Number of protein chains: 2
Amino acid sequence: MRKVAVVGVGHSKFGIRNDVNISELAFEAVKPSLEDAGAEAKEVEFMALGTTGAGAWYEELLPAVVVAEYCGLTRAGLTRCEAACASGSAAFFSAYSAIASGHAEMTMSVGLEKMREVDNPTAMEWIGRAGYYLWEFHNFGLTFPAYYAMYARAHMAKYGTTEEDLALVAVKNHKYAAMNPVAHLQKKITVDDVLSSMVVASPLKLFDCCPITDGAASVVLASEEKVKDLRIDTPVWVAGIGYSSGTANLSKRNDYLGLEASSIAAEKAFKTSRTAPSQIDFAEVHDCFTIAEIMGYEDIGLCSKGEGTKLIREGQTEIGGKIPVNVDGGLKAKGHPIGTTGCSMIYELTKQLREEAVEKSRQVPLKNYVGLAHNIGGTGHYCYVTILRR
Amino acid sequence: MRKVAVVGVGHSKFGIRNDVNISELAFEAVKPSLEDAGAEAKEVEFMALGTTGAGAWYEELLPAVVVAEYCGLTRAGLTRCEAACASGSAAFFSAYSAIASGHAEMTMSVGLEKMREVDNPTAMEWIGRAGYYLWEFHNFGLTFPAYYAMYARAHMAKYGTTEEDLALVAVKNHKYAAMNPVAHLQKKITVDDVLSSMVVASPLKLFDCCPITDGAASVVLASEEKVKDLRIDTPVWVAGIGYSSGTANLSKRNDYLGLEASSIAAEKAFKTSRTAPSQIDFAEVHDCFTIAEIMGYEDIGLCSKGEGTKLIREGQTEIGGKIPVNVDGGLKAKGHPIGTTGCSMIYELTKQLREEAVEKSRQVPLKNYVGLAHNIGGTGHYCYVTILRR
């Protein structure tokens, strides 16, 4: 397997970005990522764009060519990757594979989402369709928060997880988002704020849910030879990638205590990277809802099944704890531009592994210089796990 | 570079397929492709779905998981690839790279499109948006046939190409479609039929344009080791792949005589496969409009610039000629389910290279056992060229 490194990363401001169109938004991430790599746009041989909303919540049907033209990437090979909320990771895998296969020396994955351009149907309705539209959504009307609410109820019934435990995830992630200038919700909250917020799908309340966010993130990848050419001081190597999927219909799942796709993807990523969960210094865990982060701990293997609640109660996933998780604010508070999240996770891993987290107070302590990104699409419909090592 | 082979192919009936939903349509191609490979669905480690219309001309927003569940592929890694009309080739490149990179032993690319599920906007309007929606489509109202009509006018002005020459492409491709049981338009036509058909965007008339088609095609790929395990008699090897892109805005193109993305992609594919255009036994050339096939001859290098018209006039691209092109009927008459076409081209190459073209009368003579697929997205916005060798 050819070695591939992350050599440049860029990130736009996350939030409500009615001030830019999709190309301008992408450019805010692409430009700094190329500068970070010390490379020019014309050196990029292949670009994979991770985005879900083309023709849904924004108007462009062929966003990859539009973004490529605006960012000076025309002539590179292009593809758009969609794996719902894991689209950014699918794009990263695509850009990675193009180099690992021997086809290219330098590639790029860009995550992009602008979720408020189209009013009808809204992004809220589109996301509700995640799963099997013609069967479960259309016939039973389950919404996306309702899917995760079923999982929350099952976890509470089996493991004694409480609404306060869920709230602790939100409190932790808001704490770190308040320290992250690119985050959407830069505001500390309390357990009481969460518990007293509006019920969305019981037991999930407004502050258990991630916001609808616009934003972009860009990652430049290079082969070992290209890393030398570019004289990169701190390449961050792709150590392992795992992927899997779950049934479209949630009614066909074996249980509602965790996401099987996460377990399989994590196992594959650990196997290909020859690492164990105990060797991971920190992680980005997909927290579209607070319950998702707790199940994520367990599915990835950061703790045993049913022990996730203990990790959050004891503060083990904060900086200073056993395994810091989502110290950029996570989807919950940094925000979750659907197709962008996977690339935003890679951005955070890279910055942390280089020990250049923008805000030093957010720098995690590194022992093995290994970080993990866990990115779910839908409700465990897709999963990609990526392990980076400096 | 790890060797990768096509070991199984499947194809649905192309046409107006209101009789099936997207999963059933995909299954018509997936099932025979697995049988062809002598493999089971659970052996597929990664599946890339090539499709453009999710949430546009059909309702499912996450078609990959829906198709995977129906076809027994759940648990495989999944991604959906969109590169407009080259989505099938982008998916093939993704499935190929997953093996070539060393990440998987068996993968699958499935092309799928069902273009009449949603009435408003129609597929016709969506396709018109190809390019830069917010600029050229929205402001100037150019439609997709109008884009290619500009190219046709320029080619006619510079090289003396006539409307009759364009018609010859349609006549040839309809002739072969009439012999292909999976084709959408199984009907021979004459030059007069084309010339007297309704003007769509002058000089292009109805019979210069491919139809709006529903259909699916599936390709199973395997590593060299897996080819041995499966005891495949006639593996067809991926010899080379090239890709490139063009500007989103057509107003930014250098000229309207050919598609630069095609030339660059073809050059890369020839370079990686260490073959020359003269060694190609036959080709699938992207003929969404008749002018596209003639420009394709020239862009790929099957003839010099401006000589494409001569090839079609002399019948050199028919069986018995120098280089048979689109002997399955092409997009023009076999039909063009947008995201399916790339995989359908690989299906045809594989069948021909194995010398098992379903209808023996359509079998091309093979000398070097090399075939080429040229797949354009939009108006040269994307291009993938794939070369297979038995």
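What this report covers is the structure whose coordinates are included nearby. (Residues numbered from 1 in each chain as written. Chains lettered and ligands numbered in written order. Predicted model: local features only at pLDDT ≥ 70, side-chain atom pairs only at ≥ 80, totals over all residues. Heavy atoms only, no water.)

Regarding the pattern of salt bridges
The condition that has to hold: Put simply, a salt bridge is a Lys or Arg side-chain nitrogen that is within 4 Å of an Asp or Glu carboxyl oxygen. Per the convention used, a helix needs a DSSP run of H or I reaching at least four residues, while a strand needs a run of E reaching at least two, with both numbered from the N terminus. Using a 1.4 Å probe on the protein chains alone, a residue whose accessible area is under 20% of its type maximum counts as buried, one over 50% counts as exposed, and one in between counts as partly exposed.
Taken as a whole, this structure holds 52 salt bridges over all chains when the rule is applied. One salt bridge in this structure joins B:Lys252 and A:Glu69, with 3.1 Å as the shortest N-O distance. Here B:Lys252, found in the loop between strand E8 (236–245) and helix H10 (260–273), pairs with A:Glu69, found in helix H2 (residues 63–71), and the two come from separate chains. Looking at A:Glu69, the relative accessible area reads 14%, which means it is buried. In this structure, B:Arg354 engages B:Asp36 in a salt bridge whose closest nitrogen and oxygen atoms are separated by 2.9 Å. Of this pair, B:Arg354 sits in the loop between helix H14 (341–353) and strand E10 (370–377) while B:Asp36 sits in helix H1 (residues 22–37); the two residues are 318 residues apart in sequence, bridging distant segments of the chain. Given a relative accessible area of 28%, B:Asp36 falls into the partly exposed group. It is possible to trace a salt-bridge network through shared partners that takes in A:Asp36, A:Lys351, A:Arg354 and A:Glu356.

Comments concerning the packing of helix H1 (residues 22–37) of chain A against H2(A)
When two helices pack together, their arrangement is given by the angle between the helix axes and the distance between those axes. Residue and element names in this part refer to chain A. What counts is decided by this rule: Only C-alpha atoms enter the line fits that serve as axes; for helices the fit covers just the stretch in contact. Angles between N-to-C directions range over 0 to 180 degrees. Relative orientations are named as follows: roughly parallel for angles under 35 degrees, roughly antiparallel for angles over 145 degrees, roughly perpendicular for angles from 65 to 115 degrees, and oblique for any other angle. Handedness of a crossing follows from how the near helix is turned relative to the far one, being left-handed for an anticlockwise turn of less than a right angle and right-handed for a clockwise one. What makes two residues a contact is simply this: any of their non-hydrogen atoms within 4.5 Å. Ten residues, namely Ala, Val, Leu, Ile, Met, Phe, Trp, Tyr, Cys and Pro, are considered nonpolar, four, namely Asp, Glu, Lys and Arg, are considered charged, and the remaining ones, Gly among them, are considered polar.
Between H1 and H2, the least distance of the axes is 9 Å, while the angle of their chain directions is 60 degrees. When the axis of H1 is compared with that of H2, the two are oblique. Crossing of H1 against H2: the hand is right-handed. Seen from H1, the contacting residues are Ile22, Ser23, Glu24, Ala26, Phe27 and Val30; seen from H2, they are Pro63, Val66, Val67, Tyr70 and Cys71. Of the residues that constitute the contact of H1 with H2, the class distribution is nine nonpolar, one polar and one charged.

A closer look at the pairing of E8(B)
Residue and element names in this part refer to chain B. Just so we agree on the cut-off: The pairing criterion is simple: DSSP has to find at least two bridges between the two strands.
Most of E8 is tucked away, with ten of its ten residues classed as buried. The pairing of strand E1 (residues 4–11) with E8 spans two bridges and is classified as antiparallel. Within E8, the residue paired with Val6 across the bridge is Val236. Here eight bridges tie E8 to strand E11 (residues 382–389), and the two strands are oriented antiparallel to one another. Bridging across to E11, Ser245 finds its partner in Tyr382.

Here's the deal with the packing of helix H6 (residues 144–159) of chain A against helix H11 (residues 290–300) of chain A
All names here are of chain A. Running from N to C, H6 and H11 point in directions that differ by 60 degrees, and their axes come no closer than 10 Å. Judged on the interaxial angle alone, H11 and H6 are oblique. The handedness of the crossing between H6 and H11 comes out as left-handed. Mapping the contact onto sequence places Tyr148, Tyr151, Ala152, His155 and Tyr159 in H6 and Ile291, Ala292, Ile294, Met295 and Glu298 in H11. Grouping the amino acids of the contact of H6 with H11 by side-chain chemistry returns eight nonpolar, one polar and one charged.

Let's talk about H1(A)
Residue and element names in this part refer to chain A. Rule in force here: Residue count minus one, scaled by 1.5 Å, sets the expected span of a helix. What the bend at a residue measures is the angle between two axes, fitted to the seven residues ending there and to the seven starting there. Throughout this description, a polar contact denotes any pair of N or O atoms lying within 3.5 Å of each other; where both atoms belong to protein, one of them has to be capable of donating a hydrogen while the other can accept it, and for residues adjacent in sequence the pair is counted only when both atoms sit in side chains.
Compared with the 22 Å implied by 1.5 Å per residue over 16 residues, the 23 Å span of H1 between its first and last C-alpha is a close match. The largest bend along H1 reaches roughly 30 degrees and is located at Glu28, with the proline Pro32 sitting one to four residues downstream. Capping the start of H1 is the job of one residue whose side-chain oxygen sits 3.0 Å from the backbone nitrogen of Ser23: Asn21. Downstream of H1 by a residue or two, Gly38 has a phi angle that is positive, lying close to 65 degrees.

A closer look at the nonpolar core
Rules: Think of a nonpolar core as a cluster: buried Ala, Val, Leu, Ile, Met, Phe, Trp, Tyr and Cys residues, connected wherever their side-chain atoms sit within 4.5 Å.
Ranked by size, the top nonpolar core spans 270 residues in total, and within it A:Tyr148 and B:Tyr148 carry the most contacts. Not counting the four nearest positions on each side in its chain, B:Tyr148 is found in contact with B:Leu204, B:Leu259, B:Cys288, B:Phe289, B:Ile291, B:Ala292, B:Met295, B:Ile376, B:Gly378, B:Thr379 and B:Gly380.

Thoughts on the interface of chain B and chain A
By a widely used convention, the size of an interface equals the accessible area lost when the partners come together. Defined as follows: Accessible surface is computed with a 1.4 Å probe, and the buried area is the amount of it that two parts give up when combined, taken over both parts together.
Each side of the interface is counted separately: chain B has 61 residues, and chain A has 60 residues. Of the roughly 5400 Å² buried between chain B and chain A on both sides combined, carbon and sulfur atoms contribute 55%. The three residues of chain B that bury the most area against chain A are B:Glu69, B:Arg75 and B:His103, which together make up 13% of that side's buried surface. Connecting chain B to chain A are six salt bridges. Here B:Arg75 ties to A:Glu260 by a salt bridge, and the two come within 2.6 Å at their closest N and O atoms.

Some points on the relation of the copies chain B and chain A
To keep it simple, the criterion reads: Superposition of the copies used a least-squares fit over C-alpha atoms from residues whose pLDDT is at least 70 in both.
Note on the copies: chain B fits chain A at an RMSD of 0.0 Å, the axial shift is 0.0 Å, and the rotation between them is 180 degrees. Look at the turn and shift together and you get a two-fold axis relating the two. No C-alpha of chain B lies nearer the rotation axis than that of B:Ser101, which sits 1.9 Å from it.

A closer look at the layout of surface pockets
Residue and element names in this part refer to chain B. Our working definition: Space inside and on the surface of the protein is sampled on a 1 Å grid over the protein atoms alone, with a cavity defined as a set of points where a 1.4 Å probe fits but cannot get out and a pocket as an open set with protein on both sides within 12 Å along at least 5 of 7 lines; lining residues have an atom within 4 Å of a point. Grid points are joined across faces, edges and corners, and a volume is the space filled by probe spheres set on the points.
In this structure, the largest pocket encloses a volume near 500 Å³. In this structure, the largest pocket is lined by 25 residues; those nearest its centre are Met124, Cys209, Cys210, Pro211 and Ile212. Breaking the lining of the largest pocket down by element, the ones donating at least two residues are helix H4 (123–128) and helix H6 (144–159). Ranked by residues supplied to the lining of the largest pocket, first place goes to H4 with four residues.

Some points on the side chain of A:Arg80
Structurally, A:Arg80 is set in strand E3 (residues 77–82). The buried category is assigned to A:Arg80, whose relative accessible area is 1%. Of note is the side chain of A:Arg80, whose polar atom sits 3.3 Å from the backbone oxygen of A:Thr51. Discounting chain neighbours no more than four positions away, the residues touching A:Arg80 are A:Leu49, A:Thr51, A:Thr52, A:Ala54, A:Leu61, A:Pro63, B:Arg80, B:Cys81 and B:Glu82.

A closer look at H11(A)
What sets the pattern is the α-helix's 3.6 residues per turn: residues three or four places apart point alike. Counted residue by residue, H11(A) has eleven buried out of eleven residues, so it is predominantly covered. Looking at the residues trailing H11(A), positive phi occurs at A:Gly301, about 105 degrees.

Topic: the state of the cysteines
Residue and element names in this part refer to chain A. Selection rule: Disulfide: a pair of cysteine sulfur atoms within 2.5 Å of each other.
What the rule picks out here adds up to zero disulfides over all chains. Left unpaired, Cys210 is separated from the closest cysteine sulfur, that of Cys288, by 5.9 Å. What makes Cys210 buried here is its relative accessible area of 19%. Of the cysteine sulfurs around Cys343, a residue in no disulfide, the closest is that of Cys81, at 9.4 Å.

Things to note about unusual backbone geometry
With an omega of 10 degrees, the peptide bond running from A:Ser202 to A:Pro203 counts as cis. Along the chain, A:Pro203 falls in the loop between strand E5 (199–201) and strand E6 (204–205). Of note in this structure, B:Arg231 is not a glycine but carries a positive phi near 50 degrees. When you line up the elements, B:Arg231 lands in the loop between helix H9 (224–230) and E8. For B:Arg231, a relative accessible area of 74% puts it in the exposed group. In the Ramachandran plot, B:Asn326 falls in the positive-phi region, its phi being about 55 degrees despite a non-glycine side chain.

By themselves these figures say nothing about function.
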